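# Fold and contact review
One letter stands for each residue in the lines below.
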Amino acid sequence: MKVERSVEKAGFYHYYPVVPVVVAVKAGDQLDALTCAWYTALSFDPPLFGVAIAPKRYSYQLLKKSGEFTANFLTFDNVGIIATVGRTSGKEVDKFSAYRIKTLPSTVIKTPVLKDAYAAYECRIVKQYKTGDHVFIVGEVLAVHYKGNAFDKKDKMPDLKSVTPALYLGADNYIAIKSFGQIRMGKEDILKRGGPRRKKGQKTE
Ligand SMILES: Cc1cc2nc3c(=O)[nH]c(=O)nc-3n(C[C@H](O)[C@H](O)[C@H](O)COP(=O)(O)O)c2cc1C
């Protein structure tokens, strides 16, 4: 293993690939979207979803006014939307009309969801934290949109026979998620395989 103390030299992308999310925001009659790779789910109850957005982004100016956003997940077929939205600014272009990005109305908030999304969250901003050169925006998920066949009915996980999510590899490269082998490793599966188990009262060394 190499060790490098400078993140600049080592790069700061070792956690890629990730499924990028397209964050849409509408303030008044202005609609914009940006692509984000820096995001995470934060809580089940209440359902919270956070995204790190640089304040210099045009969409951040709209987010401050609107207090809400939608988070949209797209398939590899729609990699064009992900890349375009992530490499152009609302300061210069109305992305939705210029790139003909279709929307559908949300049910609780005013910001629409993307028609091509296989899943999308309607979020109202509940907290914001300044984290270095980004602002971490925490949204409460008020509604979930999803294509019925995109998720396994029982386990709610993406069904890769029906959807091919886009993955961001870094440096403007994208890959398709295809399953070349899937394995379930729940607690019961692990126990069935045996493995070391602590005996009652056994102390750790
Ligand atoms: C794959 C990808 C991931 C990105 N992730 C983020 C991110 O997590 N946070 C962020 O602020 N910008 C991120 N960006 C950059 C913005 O999407 C980009 O600057 C966009 O043009 C901003 O648009 P706006 O000025 O209209 O808001 C990412 C771009 C790409 C292509």
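Here's a quick rundown of the structure.

Calculation notes
- Residues numbered from 1 in each chain as written.
- Predicted model: local features only at pLDDT ≥ 70, side-chain atom pairs only at ≥ 80, totals over all residues.
- Helix = DSSP H or I, 4+ residues; strand = E, 2+ residues; numbered from the N terminus.
- Buried ≥ 20, exposed ≤ 12 C-beta atoms within 10 Å, placed from the backbone.
- Contact = placed C-beta atoms within 7 Å.
- Near = placed C-beta within 6 Å.
- Nonpolar A, V, L, I, M, F, W, Y, C, P; charged D, E, K, R; others polar.
- Arc of directions from axis to C-beta.
- Pairing = 2+ DSSP bridges.
- Axes fitted to C-alpha atoms, helices over the stretch in contact; angles between N-to-C directions.
- Core = buried A, V, L, I, M, F, W, Y, C linked by C-beta atoms within 7 Å.

### Concerning the overall build of the protein chain
For the protein chain, the count of helices and strands is five helices and eleven strands. Taken along the three principal axes of its C-alpha coordinates, the protein chain extends 65 × 45 × 35 Å. Buried residues in the protein chain amount to 27% of all 205 residues. A fraction of 60% describes how many contacts in the protein chain between residues 6 or more apart in sequence connect residues 24 or more apart.

### Digging into the site of the ligand
Among the 21 residues in the neighbourhood of the ligand, the closest are listed as W38, S59, G86, S89 and G90. Of the residues forming the shell around the ligand, the biggest block, four residues, is contributed by strand β2 (residues 30-36). Its residues assigned to classes, the shell around the ligand comprises ten nonpolar, seven polar and four charged.

### Brief notes about helix α2 (residues 58-66)
When α2 is considered as a whole, its buried residues turn out to be S59, L62, L63 and S66. The arc that holds the buried residues of α2, viewed along the axis, is 105°, so those residues lie on one side. Check the buried side of α2 and you find it contacts β1 (21-27), β2, β4 (48-53), β5 (68-73), β8 (119-131) and β9 (134-146). Just beyond α2, the residue with positive phi is G67, at close to 70°.

### Remarks on the sheet that holds β1
Overall, antiparallel pairing links the seven strands, which are arranged β2-β1-β5-β8-β9-β4-β3 in an open sheet. Both outer strands of the open sheet, β2 and β3 (39-43), are each paired with one neighbouring strand and no more. Strand after strand, the sheet turns through a mean of 35° between neighbouring axes, direction not considered. With seven bridges connecting them, β1 and β2 associate as antiparallel partners.

### Some words on the nonpolar core
Counting 33 residues, the largest nonpolar core has V22 and V23 as the members making the most contacts within it. Of all elements in the fold, only β1, β2, β4, α2, β5, α3 (79-87), β7 (113-114) and β8 reach the threshold of two or more residues within this core.

### Observations regarding α3
Residues of α3 that are buried: I81, I82 and V85. An end-on view of α3 places all buried positions within 100° of arc, on one side of the element. Elements in contact with the buried residues of α3: β1, β2, α4 (95-98) and β10 (166-170).

### A look at the pairing of β1
Burial runs high along β1: six of the seven residues are buried. Linking two consecutive strands that pair antiparallel, namely β1 and β2, is a turn of two residues; a positive phi of about 60° is found at G28 within it. Of the strand pairs in this sheet, β1 and β5 are connected by four bridges, and their pairing is antiparallel. Its bridge partner lying in β5, A24 is registered against T70.

### Here we look at unusual backbone geometry
Cis geometry marks the peptide bond from Y16 to P17; its omega dihedral reads 5°. Of the consecutive residues D45 and P46, the connecting peptide bond is found in the cis state with omega at 0°. Mapped onto the elements, P46 comes out in the loop between β3 and β4. Notably, R100 is not glycine yet its phi reads approximately 50°, a positive angle. Residue position: R100 is located in the loop between α4 and β6 (103-104).

### Quick word on the environment of L48
Considering the arrangement of structural elements, one finds L48 in strand β4. Using a count of 17 C-beta atoms within 10 Å as the deciding quantity, one classes L48 as partly exposed. The contacts of L48, once residues within four sequence positions are left out, are L42, S43, V138, G139 and E140.

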